[in-house]
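Per-entry structural report
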Amino acid sequence: MSETRGARRLRSAPWADKAFEWLTRVFAFVVFSILAAILVSLLIGSQLTLEKYGFSFIWSTDWDPVKEKFGALVPIYGTVITSLIAMLIGVPVSFGIAIFLTELSPAWLKRPLGTALELLAAIPSIIYGMWGLFVFAPFFADYIQPLLTRIFGDIWLIGPLFRGAPNGIGILSAGIILSVMVIPFISSVMRDVFEIVPPVLKESAYGIGCTTWEVVRNVVLPYTKVGVIGGIMLGLGRALGETMAVTFVIGNAYRISPSLFEPGNSIASALANEFNEAADPVHRASLIALGLVLFVLTLIVLAASRFLIAQLARGEGKST
């Protein structure tokens, strides 16, 4: 009797496998369908702007709803610069935190510090924005901005970046707040990928006299480079699309200034500030076009990260 039931199960197994295979295909198709639906809806919603301005919308600095003049260059500039500042600050700090947690931290400190990172990642962005506006911005204006002006203000090339009124809000403030927000994400991913390195590899390196930095550079990083790049891209994606925290501290001004102290704008903050009040069809279409630009920018970043990973994988096993 048991043999007969077993044979029935074996005969029905191919049908179950086939059903499971098609079910997973449907799930995968849903992902592509959602992505395509978002892209199509953005294209349709921004059609008026694309027809009226064409590609000039990308490099125009105008943004005047009264005169129906719209351009995306100022929000694009603010988005890219604040994200770049966030990465320049956040990646080295996250790398140091991950190395400390996996290689140098005493056992009693690993769990509390890891929990603190997870708590920072769970804080809503609006809380970061409120803290940035009411706590960080006054301190930044009174102490940090004057110091940066005295140190870097007269240096050739980079001096104009650190000149201007110390008002506490602007491109640099938004970038620093973004760096605080992305550090928990990047450091958590780096910590997790560093922990998967087989202990025997690190112990062998330590056994032949390597220092901690040599172990990290020659063993840990080559073994985990794909995960490290993935963590950095995760943080960059968070920085590019962040809305509320940036809206509080960036200043929301449609102008491009060489000084990082001056107010600016980003794509996400422009959408948050104006979308509900955009009654004019061209104005609303221009905001949707900004969303399309952010979508394309995110795709470019993702494609660049995949290309970098592919190049690193192609170089594996080659002599240097």
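See the structure shown above.
Thresholds applied
- Residues numbered from 1 in each chain as written.
- Predicted model: local features only at pLDDT ≥ 70, side-chain atom pairs only at ≥ 80, totals over all residues.
- Heavy atoms only, no water.
- Helix = DSSP H or I, 4+ residues; strand = E, 2+ residues; numbered from the N terminus.
- Rg over C-alpha atoms; globule rule 2.2 N^0.38 Å.
- Buried < 20%, exposed > 50% of the residue type's maximum accessible area, 1.4 Å probe, protein only.
- Contact = heavy atoms within 4.5 Å.
- Areas by Shrake-Rupley, 256 points an atom, 1.4 Å probe, with all protein chains shown as cover.
- Lys, Arg positive; Asp, Glu negative; His and termini not counted.
- Charge placed at Lys NZ, Arg CZ, Asp CG, Glu CD.
- Patch = residues over 30% accessible without salt bridge, like charges linked within 9 Å, V, L, I, M, F, W, Y side chains within 5 Å.
- Salt bridge = Lys/Arg side-chain N within 4 Å of Asp/Glu carboxyl O.

Along the chain, the regular secondary structure elements total 12 helices and two strands. When the helices and strands of the chain are read in sequence order from the N terminus, they spell out α-α-α-β-β-α-α-α-α-α-α-α-α-α. Since a compact globule built from 320 residues should have a radius of gyration of about 20 Å, the 25 Å found for the chain marks it as more spread out than a globular shape. Dimensions of the chain, computed from the C-alpha atoms along their principal axes, are close to 85 × 55 × 40 Å. Here the chain holds 320 residues, and the buried ones make up 38% of them. Of the contacts formed within the chain by residues at least 6 apart in sequence, a portion of 72% connects residues at least 24 apart. As displayed, the chain offers around 18,100 Å² of accessible surface, 70% of which is attributable to carbon and sulfur atoms. Side chains of the chain carry 23 positive and 21 negative charges; the gap between the two charge centres is 9 Å.

Moving on, we come to the side chain of S179. With respect to the helices, strands and loops of the structure, S179 is situated in helix 7 (residues 171-194). The residues touching S179, leaving out its near neighbours within four places in the chain, are A86, I89 and G90.

All right, on to a nonpolar patch on the surface then. Taken together, I126, I127, M130, W131, F134, V135 and M244 make up a surface patch of nonpolar side chains, about 630 Å² in accessible area. Top contributing element to the nonpolar patch by residue count: helix 6 (residues 125-152), with six residues. Classification of M130 by relative accessible area gives partly exposed; the value is 39%.

On to the pattern of salt bridges. Overall, the coordinates contain seven salt bridges when judged by the stated rule. Residue K202 is joined to E103 by a salt bridge in which the shortest nitrogen-to-oxygen separation is 3.0 Å. Highlighted residues: K202 in helix 8 (residues 199-207) and E103 in helix 4 (residues 73-104), separated in sequence by 99 residues. The exposure classification of K202 matches that of E103, with both residues buried. The partner of R191 in a salt bridge is E118, with the nearest N and O atoms 3.9 Å apart. Here E118 lies in helix 5 (residues 107-122) and R191 lies in helix 7, a separation of 73 residues in the sequence.

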